[in-house]
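Examination of the molecular architecture
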Amino acid sequence: MMMLRVLLALMLLLPAACQAAERPALSENGLALIPLTITTAEGKSHRFTVEVAATEAQQARGMMFRATLAPDAGMIFPMSPPRYASFWMKNTVIPLDMIFVDSTGLVKRVHENAVPGDETPISGGEGILVVLEINAGLAQALGIVPGSQMRHAVFGLDALWPC
């Protein structure tokens, strides 16, 4: 299980699909920073620079105790193999939107405006490969809804979009 998670995290560190190879930068928290694009059903693309929470410890900490998040930033949580995903907001002090994505890059569920500190489980459902956390209200403002597509090399040959 740990080996699969590490392999998926390594795939996330590969360059974004159809882009030149770059060595990932590190955030102030020591997490890899990668580019990520989400394309809405209307065809509008939005690019983010996200931190990769690759290990169990990084995923357990997530966005806890952070006071701010840049508008084009976020954190991605890879899961391998794809599975049922459930998150909470324990010790998280900023409101977030959670975007649950399957192995093809298809957004399956968007949970908007998760309440800081709330320990109520937030379910993303079955078959989730990655979860993206961004600033609360941003998903709605950008039109990110179920059916939107996340673009990154991690989705490989199963991706909904061609390279």
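In the block above lies the structure referred to throughout.
Being a predicted model, the structure only gives us computed values, none of them experimental.

**Comments concerning the pattern of salt bridges**
Using the criterion set out here, one finds one salt bridge in the structure. Glu-51 is the partner of Arg-66 in a salt bridge, and the nearest nitrogen-oxygen pair spans 2.4 Å. Residue Arg-66 is found in the loop between helix H2 (56–61) and strand E4 (73–87), and its partner Glu-51 is found in strand E3 (residues 45–52); the two are separated by 15 residues along the sequence. Given a relative accessible area of 6%, Glu-51 falls into the buried group.

**A few points about the environment of Ile-144**
Position of Ile-144 among the secondary structure elements: in the loop between helix H3 (138–142) and strand E8 (149–151). For Ile-144, the contacting residues outside a window of four places in its chain are Ile-38, Thr-40, Phe-48, Ile-99, Val-110, Ile-134 and Ala-139.

**Quick notes on the pairing of E3**
Two elements, strand E2 (residues 32–39) and E3, share seven bridges in a ladder whose sense is antiparallel. Looking at the pairing, Thr-37 lines up with Arg-47 of E3. In sequence, E2 turns back onto E3 through a hairpin of five residues, with Gly-43 there showing a positive phi of about 90°. Note: E3 against E4, four bridges, orientation parallel. Considered in E4, the bridge of Val-52 is made with Ile-76.

Cut-off values and rules
- Residues numbered from 1 in each chain as written.
- Predicted model: local features only at pLDDT ≥ 70, side-chain atom pairs only at ≥ 80, totals over all residues.
- Heavy atoms only, no water.
- Salt bridge = Lys/Arg side-chain N within 4 Å of Asp/Glu carboxyl O.
- Helix = DSSP H or I, 4+ residues; strand = E, 2+ residues; numbered from the N terminus.
- Buried < 20%, exposed > 50% of the residue type's maximum accessible area, 1.4 Å probe, protein only.
- Contact = heavy atoms within 4.5 Å.
- Pairing = 2+ DSSP bridges.

This is a description of form; function is not addressed.
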